[in-house]
Amino acid sequence: MANAWFESVELAQRRAKRRLPKSVYMALIAGADRGVTLADNVAAFGELRLRPVTAGQPATREMSTVVMGQAVSMPVLISPTGVQAVHPDGEVAVARAAAARGVAMGLSSFASKPIEDVIAANPQTFFQIYWAGDRDSIVARMERARSAGAVGMILTLDWSFVHSRDWGSPKIPEAIGFETVREHALESAARPRWLLDWARARRLPGLTVPNFAVGGQPAPGFFDAYGVWMQTPPPTWDDIAWLRAQWDGPFMVKGIGRADEARRAVDAGASAISVSNHGGNNLDAAPAAIRVLPEVAAAAGGDIEVVMDGGIRRGSDVVMALALGAKAVMIGRAYLWGLAANGQAGVENVLDILRMGIDSTLRGIGKSSINDLSPDDVVVPNDFSPPPR
């Protein structure tokens, strides 16, 4: 039997591509329009350089931290991502992997598994919510999360409707039925290992979103919930302040990319912000998250925790983000590649890759702790970041 272990996130992605039906794989790629931001999130890290030391390197390195009140073994969090039909165990497998590695998890409103099952697998779970529907339904979702034991709330604002992709969008069905199975039979048959996973689970991929339901209603389909979000006017900063007041624990605003909005998030009472562009699935041609991180971190001024989400593929990326002002990073596609490649073990594999990479990078630049990192550890080109706003 071939070795299921992989040594890099890039190799995990290659295995995921070989294992998943094309439409499922392309749904994970996603992106928007020309894919400028999608590519820049990763490529921007390649423009940065680290300053190594060759003697006096520390024998041990400390990377544990506390983010949104949760003690974690390293400065990496699981970012909330939607319906994870790449594996039958979906978000529960991710939650187990994160718990096994001492990592907190964000669970999406559009997840395929109920929040109660995910929190049972990992008590360090933040619930992610969209401004979707009326205020009563939004609060009802928050109350369900509170009752289930969610330790924090993530309000995602960095998602907008994408009309097109230059490479074409995958055809995602509204539900799995006979006609859908027939239509996707050829591409699924070409990925027998993926089919075998679902055959062993004795079910078909689900396209409902159970955490979007309120008041005991049945779980809506993904596109039904998406339609509710699309028809809801975007929130104002007053709306965000009101929503924050409904939650008495840690509260993150996800999608900040400008100094002025970082201060607005502070004023709204957020306890954390995520520098993010939704993995390049938002406004195309927006700068990579790492490019605007220094501006946002400087504006936050220590009044609020700053995390960065976008383009993390290796431990050195994490170290660079921390040196430029982040308290931690969030990962999305990286762990989805691992989940697709090898289930829970694949997600653990990805987290191990990042942990080892953080450790070796800290040693290489002569730091005994992530708390010792500063902008002086990174060589940043003069034109790397846009002018502050």
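Residues numbered from 1 in each chain as written. Predicted model: local features only at pLDDT ≥ 70, side-chain atom pairs only at ≥ 80, totals over all residues. Heavy atoms only, no water.

**A short note on the environment of Arg61**
Here is step 1: Mapped onto the elements of the fold, Arg61 is located in the loop between β1 (49-50) and β2 (65-67).
Here is step 2: For the pair Arg61 and Gly366, spaced 305 residues apart in the sequence, the C-alpha separation amounts to 9.4 Å.
Here is step 3: Excluding residues within four positions of it along the chain, Arg61 makes contact with Asp359, Leu362, Arg363, Lys367 and Ser368.
Here is step 4: Separated by 2.9 Å, the side chain of Arg61 and the backbone oxygen of Ala59 make a polar contact.
Here is step 5: A polar atom in the side chain of Arg61 sits 2.9 Å from the side chain of Asp359. (Helix = DSSP H or I, 4+ residues; strand = E, 2+ residues; numbered from the N terminus. Contact = heavy atoms within 4.5 Å. Polar contact = N/O pair within 3.5 Å; in protein donor to acceptor, adjacent residues only side chain to side chain.)

**Side note on the pairing of strand β7 (residues 152-156)**
Here is step 1: In terms of burial, β7 is a largely internal element, five of the five residues being buried.
Here is step 2: Burial of the side chains of β7 extends over both faces: Gly152, Ile154 and Thr156 are buried on one face and Met153 and Leu155 on the other.
Here is step 3: At this point the chain moves from strand β6 (residues 125-129), through helix α6 (residues 135-148), to the parallel β7, and the crossover so formed is right-handed.
Here is step 4: Two strands pair when backbone bridges link them, and β7 and strand β8 (residues 251-256) are joined in this way by four bridges, in the parallel orientation. What sits directly across from Leu155, in β8, is Val253. (Buried < 20%, exposed > 50% of the residue type's maximum accessible area, 1.4 Å probe, protein only. Right-handed = clockwise from strand over helix to strand, strands pointing away. Pairing = 2+ DSSP bridges.)

**Quick look at the pattern of salt bridges**
Here is step 1: Enumeration over the complete set of coordinates arrives at 17 salt bridges.
Here is step 2: A salt bridge links Glu116 to Arg144, with the shortest nitrogen-to-oxygen separation between them at 3.0 Å. Here Glu116 is found in helix α5 (residues 115-121), whereas its partner Arg144 is found in helix α6, with 28 residues between them in sequence.
Here is step 3: A salt bridge links Asp309 to Lys254; its shortest N-O distance comes to 3.9 Å. One end of the pair, Asp309, is in strand β10 (residues 305-309); the other, Lys254, is in strand β8, with 55 residues separating them in the sequence.
Here is step 4: Linked by salt bridges that have partners in common, Asp40, Glu47 and Arg291 make up one network. (Salt bridge = Lys/Arg side-chain N within 4 Å of Asp/Glu carboxyl O.)

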